[in-house]
Amino acid sequence: MNLQLNQCPKVENHHVDSFRTDVLEGLKTTPKRLSSKYFYDKTGDRIFQEIMAMPEYYLTQCELDIFKNKTTDLAHLIIPENEPFDLIELGAGDAMKSTFLLKHLVQKGIKFTYMPIDISGNILSILKEKLSRELPDLEILALEGEYFEMLQKTASLSTRKKVILFLGSNIGNMNPEEAENFCQSLNQNLNSGDRVLVGFDLKKNPHTILNAYNDRKGITAAFNLNLLTRINRELDADFDLKQFQHYQTYDPISGSCKSYLVSLQKQTVKIGIDSISFEENELIDMEISQKFSEERIEELRVKSGFKRVGETKDSKKWFVDTVWQV
Ligand code: AVI
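No experiment lies behind these values; they were computed from the predicted model shown. (Residues numbered from 1 in each chain as written. Predicted model: local features only at pLDDT ≥ 70, side-chain atom pairs only at ≥ 80, totals over all residues. Heavy atoms only, no water.)

Student: Please give an account of the side chain of S263 that cites residues and values.
Tutor: Topologically, S263 is positioned in strand 9 (residues 256–263). By relative accessible area, S263 is classed as buried at 0%. Separated by 2.7 Å, the side chain of S263 and the backbone oxygen of Q265 make a polar contact. Setting aside residues up to four positions removed in sequence, S263 forms contacts with Q243, F244, F278, E279, E280, N281 and E282. (Helix = DSSP H or I, 4+ residues; strand = E, 2+ residues; numbered from the N terminus. Buried < 20%, exposed > 50% of the residue type's maximum accessible area, 1.4 Å probe, protein only. Polar contact = N/O pair within 3.5 Å; in protein donor to acceptor, adjacent residues only side chain to side chain. Contact = heavy atoms within 4.5 Å.)

Below you can see the structure in the form of structure tokens.
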């Protein structure tokens, strides 16, 4: 079932209102910032697919290696003792990696419902269509919306054990404090015996990391600039994209990989009835893609009150899928 929230005018207005509030609030603070969760409109979804196919963007291949080649290990790690469960994927996207796990579970005759949650209704429709073709026996319930709202909804839909997938180092798009709060909320929203599988991109050669976010073709730059196009279209704004430039940093000590847009001139941008002034070279903080040490992952687990179940890495040991239990 797809909730089709984007077809309900009331919810649509609510979406636009919170988008407008977040954008204006972010651009009125110092330093200016925009939330990368808004990167994913239709064009953003398409550009992100292009990013995942770039040779520099190793993350996808690493986690794909785990899901393709260590599927049995993964299945053992996530399945709660002989019980039917719901497999809930946060930010499922096109579920390219999890499809390998889904196929494995279906082939083994394991009883579960797959519940992909995503903020993009567009990507969920594509996913449902793809899965009903490739895995006609799979029970699927697609949920469009924010992670915790939808997670609470799943609690009212089913009383089975829950297994949560949070892949792709999506957790890296939260700053360290947000990641801790997120893991704590996840723990509080689950019941004893429920499990979570979290994908973390590990610290590695800093050049490898910087190249993944600073590609020569400018696809990551287009991904960032697309948010300005979205603001122009949806919030009646007049950003001149030629006057903003993508800038990427990576700090190997903290593991923080960040993207910014730099204003190339002193300028004023209209957003609806508001206007925002930029100094020349003023930055908009766009996205963090945090990289993790094993110690930091353990710290996150302990701080959020989970028990350790196990983990599996790709063959290069660049990426880890970690399983915790409530
Ligand atoms: C979705 N997320 C994990 C990606 C990342 O690696 O932080 C988003 C992305 N941003 C630029 N490239 C990819």
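Student: So, the packing of helix 7 (residues 147–157) against helix 8 (residues 176–188): which residues are in play, and what are the values?
Tutor: Their axes nearest at 11 Å, the elements helix 7 and helix 8 cross at an angle of 10 degrees. It follows from the interaxial angle that helix 7 and helix 8 lie roughly parallel. Along its contact with helix 7, which presents Y147, F148 and L151, the element helix 8 presents F182, S185 and L186. Looking at the contact of helix 7 with helix 8 residue by residue, the classes come out as five nonpolar, one polar and no charged. (Axes fitted to C-alpha atoms, helices over the stretch in contact; angles between N-to-C directions. Parallel < 35°, antiparallel > 145°, perpendicular 65-115°, else oblique. Nonpolar A, V, L, I, M, F, W, Y, C, P; charged D, E, K, R; others polar.)

Student: For the UniProt feature "domain: Histidine-specific methyltransferase SAM-dependent" (unreviewed entry) in the protein chain, give the residues involved together with the corresponding values.
Tutor: Under the feature "domain: Histidine-specific methyltransferase SAM-dependent" (unreviewed entry), the UniProt entry names residues 19–325. Taken as a whole, residues 19–325 contains 40% helix and 25% strand, while its terminal C-alpha atoms sit 34 Å from one another. (UniProt positions renumbered as here; feature names shortened; annotations may be inferred.)

Student: Could you give an account of helix 5 (residues 98–107), naming the residues involved and the relevant values?
Tutor: For helix 5, the full list of buried residues reads S98, T99, L101, L102, H104 and L105. Tucked inside the fold, the buried residues of helix 5 contact helix 3 (58–69), helix 4 (71–78), strand 2 (85–90), strand 3 (112–118), helix 6 (121–134) and strand 6 (161–166).

Student: Kindly report on the site of the ligand, identifying the contributing residues and their values.
Tutor: Close to the ligand lie 13 residues; Y57, N173, Y213, E287 and S289 are nearest. At 2.5 Å from an oxygen atom of the ligand is found a side-chain nitrogen or oxygen belonging to Y57. Separating a nitrogen atom of the ligand from a side-chain N or O atom of E287 is a distance of 2.7 Å. In isolation the ligand exposes 340 Å². Once the protein is present, 98% of that is buried. The set of elements that each furnish at least two residues to the shell around the ligand consists of helix 2 (42–52) and helix 10 (219–234). Across the shell around the ligand, the residue classes tally to six nonpolar, six polar and one charged. (Near = heavy atom within 4 Å. Areas by Shrake-Rupley, 256 points an atom, 1.4 Å probe, with all protein chains shown as cover.)

Student: Break down helix 10 for me, with residues and values.
Tutor: For helix 10, with 16 residues, the first-to-last C-alpha span of 22 Å sits near the 22 Å given by 1.5 Å per residue. Maximum bend of helix 10: about 25 degrees, positioned at L225. Phi for D236, located one or two positions after helix 10, is positive at around 50 degrees. (Expected span 1.5 Å × (residues − 1). Bend = angle between axes of the 7 residues up to and from the residue.)

Student: Just give me the short version of the pairing of strand 11 (residues 274–278), but keep the residues and values in it.
Tutor: Taken residue by residue, a regular strand's side chains alternate between the two faces of the sheet. Pairing analysis gives five bridges linking strand 10 (residues 267–271) to strand 11, with the strands arranged antiparallel. In the sheet register, I271 faces strand 11, and the bridge partner there is D274. Linking strand 10 to strand 11, which pair antiparallel, is a turn of two residues; within it G272 sits at a positive phi near 60 degrees. (Pairing = 2+ DSSP bridges.)

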